[in-house]
Amino acid sequence: MKKSSFLKHYSSSLILLAAIAIGCVLGLIFKEKAVIFKPFGDIFLNLLFTIVVPLVFFSISSAIASMENIQRLGKIILWMMVVFTTTGIIASVLMLIAVKIYPPAQGINITLPSDAHMEQLKVSDQIVKAFTVSDFADLFSKKNMLALIIFASLIGLSACTLGEKAKAFTAFLVSGSNVMMKAISYIMIYAPVGLGAYFAYLIGVFGPQLLGTYARAMTIYYPVAAFYFVAGFSFYVFLAAGQKGLRVFWPNITPAALTALATCSSMATIPVNLEAAERVGVPRDIREMVIPIGSTIHMDGSCLSAVLKTAVLFGLFHMNFSSPWAMVTAVGVALLSGTVMSGIPAGGFLGELMIVTLYGFPIIAMPIISMIGTLVDPPATMVNAIGDNVSSMLVARILGGKNWMSHQTCHSRAFEEAPKGKRESITKLISI
């Protein structure tokens, strides 16, 4: 029974790990020729990107439309932002400590380009484009994810406030969300092939770059990101649900973590992340709000990299990074890069631009930190994506009390499958 239960719960994760191990071996064998495996990985990535737009719309709008209490929506949003900000600051401070102990610019020899140009971007225009689009059809692009989230929230809120008048429409939204989740389960059947192929491509083509260029900076980022991922997230999960949370979280998070690591896309990880949060027991209204929104504006991995980029530039240009002003502003810039800027189109570029202009670095600093961003992208994305899942657990703990997980685990399935009119008695058991 124990062996059967183990295989039932962990078979999908074991299959994914085996496929990725095979992919890594193929990458080492084929080296640069491993690019032939990339199309198989692209198929998986394209499937996820195709479904992410309708998934985000239906999950957010149905979660809001189905709410019995609008005040709970406000509490979810409030505490979500508090958690996002707090974890971002913690990640930034952790990297700040690491770069003080082991300065990243020592030993780095970079030929600075003599001619580098930057496109002049108006931040105000970028913010407008981030929150809104000029045409309804533009909402169906993953490039306008924040605008889609706002639109879905508006639709869900409208349906919720109309109550019985929008009963049929709310049922449509809930049904659409269920259909999207079912479609994800079919896509994930192909996940071992897709992820295995992507890892073969990454190891074969980019492996030498990861071991060579910017080696010292990578020597800092990869261990710190791994420490934050394991120790930091374990601490957050323990705060959210104690030992039981740790036992449930880590086995269920593996597919999402591997998807983020291979695809370097938080958005592509949304479907798998939602599945993992459901298995952990995060209430539907919380997980379907926090995870899609977090994929756009919550980036702990980007906070880590922003501090590293700043420290590298300070070292290369022989500036003092020990002053309180430099360290405090580094944390502030990292927080903005990992929250506000990440939701804006070209947000990564704007975050790097902010680092360069705030401290008065020359224009040639841009390609330097852009390369760092490229090299740290895989682990940064994994931290970004799984951080959203962890944040959903923390929000559930704040709103649901110490025993939120046991209550939700017992009743979430019944709550989600019950008609809206019959949810009141279940809600009393699982909500505040």
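Residues numbered from 1 in each chain as written. Predicted model: local features only at pLDDT ≥ 70, side-chain atom pairs only at ≥ 80, totals over all residues. Heavy atoms only, no water.

Engineer: Where do I start with the pattern of salt bridges in this structure?
Structural biologist: Once the charged atoms of two side chains with opposite charge are near each other, the side chains can pair. Taken as a whole and judged by the stated rule, the model has 3 salt bridges. When the shortest N-O distance is used, the salt bridge between Arg72 and Asp285 registers 2.5 Å. In this pair, Arg72 is assigned in helix 3 (residues 70-101) and Asp285 in helix 10 (residues 284-297), connecting sequence segments 213 residues apart. Comparing Arg72 with Asp285, the two get one shared label, buried. (Salt bridge = Lys/Arg side-chain N within 4 Å of Asp/Glu carboxyl O. Helix = DSSP H or I, 4+ residues; strand = E, 2+ residues; numbered from the N terminus. Buried < 20%, exposed > 50% of the residue type's maximum accessible area, 1.4 Å probe, protein only.)

Engineer: Where do I start with helix 2 (residues 38-65) in this structure?
Structural biologist: Residues three or four positions apart in an α-helix share a direction because the helix packs 3.6 residues into each turn. With 28 residues, helix 2 extends 40 Å between its outermost C-alpha atoms, agreeing within 8% with the 40 Å of an ideal straight helix rising 1.5 Å per residue. Roughly 35° is the biggest bend found in helix 2, and it falls at Val52, with proline Pro54 one to four residues downstream. (Expected span 1.5 Å × (residues − 1). Bend = angle between axes of the 7 residues up to and from the residue.)

Engineer: Explain the confidence of the model for the protein chain to me, please; I cannot follow it from the model alone.
Structural biologist: Of the residues in the protein chain, 80% have a pLDDT of 70 or more, and the chain-wide mean is 80. Put simply, helix 17 (residues 424-430) is where the protein chain has its lowest mean pLDDT, 41, and helix 15 (residues 377-400) is where it has its highest, 93. Low pLDDT (under 50) marks residues 112-121, which in the prediction has 14 contacts with non-local residues, meaning those over four places away or in another chain. (pLDDT = per-residue confidence, 0-100. Contact = heavy atoms within 4.5 Å.)

Engineer: Got a minute to help me understand the side chain of Ser177 in this structure?
Structural biologist: Note on placement: Ser177 falls in helix 6 (residues 167-187). Engagement of the side chain of Ser177 in a polar contact is seen with the side chain of Arg284, the distance being 3.0 Å. Discounting chain neighbours no more than four positions away, the residues touching Ser177 are Phe58, Ser59, Ser62, Arg284 and Glu288. (Polar contact = N/O pair within 3.5 Å; in protein donor to acceptor, adjacent residues only side chain to side chain.)

Engineer: Looking at this structure, how should I read the side chain of Thr259?
Structural biologist: Turning to its location among the elements, Thr259 is positioned in helix 8 (residues 215-263). Apart from the residues lying within four places of it in its own chain, the contact partners of Thr259 are Phe44, Leu48, Leu195, Cys264, Ala268, Thr269 and Val272.

Engineer: Before we go on, may I ask you to explain the nonpolar core in this structure?
Structural biologist: One broad trend across soluble globular proteins is that nonpolar side chains are buried collectively. Ranked by internal contacts, the top residues of the largest apolar core, which has 124 residues, are Met95, Leu308, Ile386 and Met393. With 20 residues, the single largest contributor to this core is helix 8. Sequence-distant contacts of Met95, that is, excluding residues within four places in its chain, are made with Ile220, Tyr221, Val224, Leu304, Val307 and Leu308. (Core = buried A, V, L, I, M, F, W, Y, C linked by side-chain atoms within 4.5 Å.)

Engineer: So what exactly am I meant to see when it comes to the packing of helix 5 (residues 145-162) against helix 10 here?
Structural biologist: To describe two helices that pack against each other, one gives the angle between their axes and the distance between the axes. It is at 9 Å that the axes of helix 5 and helix 10 come closest, and there the two elements cross at 150°. Comparing their axes, helix 10 and helix 5 come out roughly antiparallel. Read as a crossing pair, helix 5 and helix 10 show a hand that is left-handed. Where helix 5 abuts helix 10, its residues Met145, Leu146 and Ile149 lie against Pro292, Ile293, Thr296 and Ile297. Taken together, the residues of the contact of helix 5 with helix 10 sort by class into 6 nonpolar, 1 polar and no charged. (Axes fitted to C-alpha atoms, helices over the stretch in contact; angles between N-to-C directions. Parallel < 35°, antiparallel > 145°, perpendicular 65-115°, else oblique. Left-handed = near helix turned anticlockwise from the far one by under 90°. Nonpolar A, V, L, I, M, F, W, Y, C, P; charged D, E, K, R; others polar.)

Engineer: How should the packing of aromatic side chains be read in this particular structure?
Structural biologist: Two descriptors summarise a pair of aromatic rings, namely the distance from one centre to the other and the angle between the planes of the rings. Going through the model one piece at a time under the given rule, you end up with 17 aromatic pairs. When the ring of Phe30 is compared with that of Phe37, the centres are 5.3 Å apart and the planes differ by 90°; the resulting orientation is edge-to-face. Taking relative accessible area as the criterion, Phe30 reaches 32% and is therefore assigned partly exposed. If you follow Lys38 out to its NZ or CZ, it ends over the ring of Tyr201, 5.5 Å from the centre. (Phe/Tyr/Trp six-rings, centres within 6.5 Å; stacked < 30°, edge-to-face > 60°. Lys NZ or Arg CZ within 6 Å of the ring centre and 35° of its normal.)

Engineer: For this particular structure, what's the right way to read a nonpolar patch on the surface?
Structural biologist: A contiguous nonpolar patch, built from Val25, Ile29, Phe30, Val35 and Ile36 and spanning about 440 Å² of accessible area, is present on the exposed surface. Among the secondary structure elements, Val35 is positioned in the loop between helix 1 (2-30) and helix 2. Given a relative accessible area of 42%, Val35 falls into the partly exposed group. (Patch = residues over 30% accessible without salt bridge, like charges linked within 9 Å, V, L, I, M, F, W, Y side chains within 5 Å. Areas by Shrake-Rupley, 256 points an atom, 1.4 Å probe, with all protein chains shown as cover.)

Engineer: Help me understand the packing of helix 3 against helix 10 in this model?
Structural biologist: One way to put it is that helix 3 packs onto helix 10 with a least axis distance of 11 Å and a crossing angle of 40°. Here helix 10 runs oblique to helix 3, going by the angle between their axes. Crossing geometry of helix 3 relative to helix 10 is assigned as right-handed. Residues Arg72, Leu73, Ile76, Ile77, Met80, Met81 and Phe84 of helix 3 lie in contact with helix 10, whose contacting residues are Asp285, Ile286, Met289, Val290, Ile293, Gly294 and Ile297. When grouped by side-chain class, the residues that make up the contact of helix 3 with helix 10 number 11 nonpolar, 1 polar and 2 charged.

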